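Take a look at the letters that make up each chain.
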Amino acid sequence: MRASEITEILNRPVSRELLARDVVRPAYMAKDGTPRTIPIAFTWNGSEIVMCTTKNAPKLPALRANPVVALTIDTEVHRPKILRIRGRAELDVVDGIPDEYPRMNGSYEMTPEQRVAWEAEIRSLHDGMVRIVVTPTWAKLIDFETTLPSAVEELVRQRAEREGVRGRPVPGRSPAVA
């Protein structure tokens, strides 16, 4: 996928909305060869997904061995909005707490006093963390209005061919996704 195509997808309003959410679900291959998916806080810095984790997290040896990841950011409503991203995880060991970590956890409801206590706890617990940075090499937005999963797009196309319909149906109004 060309960089301009990725940028176009990630700059769509629905993508921007999803990139402002709290949780991403990275998928990767564990050291034992089985797949893993984990929910983790993240931030989007305009060109990369940044996640932070403990230096002893079990996912780190797996990501060092095989840095290829797939990410999902989605909503929990009907019709869901789904942003799928692929890329390579780069691991950056940081002394102390990465600047992104307090920000990516900033949307949780805390009083100012709770925030101070939380940050003090985090700083006392970690002498360092690992930034997991993913630069998108592929992206797909599924909003069920302008874009559909490729398998559903294929079914809509096949139905249109069977029924002799010309042109592409509007995905959000298609009975195939109702």
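Since we're looking at a predicted model, the values are computed, not measured.

(A) Quick peek at the overall build of the protein chain. The helix and strand inventory of the protein chain stands at six helices and eight strands. Order of helices (α) and strands (β) in the protein chain, N terminus to C terminus: α-α-β-β-β-β-β-α-β-β-α-α-β-α. With respect to the three principal axes, the spread of C-alpha positions in the protein chain is 65 × 40 × 30 Å. Of all 178 residues assigned to the protein chain, the portion counted as buried reaches 40%. For the protein chain, long-range pairs separated by at least 24 residues make up 67% of all intrachain contacts whose partners lie at least 6 apart in sequence. Element-wise, carbon and sulfur atoms account for 52% of the exposed surface of the protein chain, whose accessible area totals about 10400 Å². Taking the average place of the 26 positive charges on the side chains of the protein chain and the average place of its 24 negative ones, the gap between the two points comes to 7 Å.

(B) Region of interest: the side chain of Thr53. Checked against the element boundaries, Thr53 lands in strand β5 (residues 49-54). Within the structure, the side chain of Thr53 is placed 3.1 Å from the side chain of Lys59, a separation counted as a polar contact. Excluding residues that lie within four positions of it along the chain, Thr53 makes contacts with Lys59, Leu60, Met129, Val130 and Ile132.

(C) The confidence of the model for the protein chain, seen in detail. Looking at the protein chain as a whole, the pLDDT averages 90, with 90% of positions reaching at least 70. Low confidence marks residues 173-178, where pLDDT is under 50. Its contacts with residues over four positions away, or in another chain, come to 11 contacts.

(D) How the structure looks around the packing of aromatic side chains. Enumeration over the complete set of coordinates arrives at one aromatic pair. With a centroid separation of 5.9 Å and 20° between ring planes, the pair formed by Tyr101 and Trp118 is classed as stacked. Residue Tyr101 is found in helix α4 (residues 100-104), and its partner Trp118 is found in helix α5 (residues 112-125); the two are separated by 17 residues along the sequence. Cation over ring: Arg86 sits above Trp138, and NZ or CZ is 3.7 Å from the ring centre.

(E) Structural view of the side chain of Ser15. Tracing the backbone shows Ser15 in helix α2 (residues 13-19). The class of Ser15 is buried, set by a relative accessible area of 0%. Residues within four places of Ser15 in sequence aside, it is in contact with Ile9, Leu10, Leu83 and Leu141.

(F) Structural view of the nonpolar core. In terms of nonpolar packing, the biggest core is built from 28 residues, with Ile49, Met51 and Leu83 touching the most fellow members. At the level of elements, α1 (3-10), α2, β1 (23-29), β5, α3 (59-65), β6 (68-74), β7 (82-95) and β8 (128-142) are the ones that each hand at least two residues to this core. The leading source of residues in this core is β8, at five residues. Sequence-distant contacts of Ile49, defined by excluding residues within four places in its chain, comprise Leu19, Phe42, Thr43, Trp44, Leu71, Ile73, Ile85, Ile132, Val133 and Val134.

(G) Seen up close, unusual backbone geometry. The omega torsion across His78 and Arg79 is -25°, close enough to zero to call that bond cis. Here Arg79 is to be found in the loop between β6 and β7. Of note, Phe144 is a non-glycine position whose phi angle comes to about 60°, a positive value. In this structure, Phe144 sits in the loop between β8 and α6 (150-163).

(H) Broad picture of the pattern of salt bridges. Enumeration according to the criterion identifies 12 salt bridges in this entry. The salt bridge involving Glu76 is made with Arg21; its shortest N-O contact spans 3.0 Å. Of this pair, Glu76 sits in the loop between β6 and β7 while Arg21 sits in the loop between α2 and β1, and the two are 55 residues apart along the sequence. A salt bridge links Lys55 to Asp127; the nearest nitrogen and oxygen atoms lie 3.0 Å apart. Within this pair, whereas Lys55 is found in the loop between β5 and α3, its partner Asp127 is found in the loop between α5 and β8, the two being separated by 72 residues in sequence. The partly exposed category is assigned to Lys55, whose relative accessible area is 39%.

Parameters and conventions
Residues numbered from 1 in each chain as written. Predicted model: local features only at pLDDT ≥ 70, side-chain atom pairs only at ≥ 80, totals over all residues. Heavy atoms only, no water. Helix = DSSP H or I, 4+ residues; strand = E, 2+ residues; numbered from the N terminus. Buried < 20%, exposed > 50% of the residue type's maximum accessible area, 1.4 Å probe, protein only. Contact = heavy atoms within 4.5 Å. Areas by Shrake-Rupley, 256 points an atom, 1.4 Å probe, with all protein chains shown as cover. Lys, Arg positive; Asp, Glu negative; His and termini not counted. Charge placed at Lys NZ, Arg CZ, Asp CG, Glu CD. Polar contact = N/O pair within 3.5 Å; in protein donor to acceptor, adjacent residues only side chain to side chain. pLDDT = per-residue confidence, 0-100. Phe/Tyr/Trp six-rings, centres within 6.5 Å; stacked < 30°, edge-to-face > 60°. Lys NZ or Arg CZ within 6 Å of the ring centre and 35° of its normal. Core = buried A, V, L, I, M, F, W, Y, C linked by side-chain atoms within 4.5 Å. Salt bridge = Lys/Arg side-chain N within 4 Å of Asp/Glu carboxyl O.

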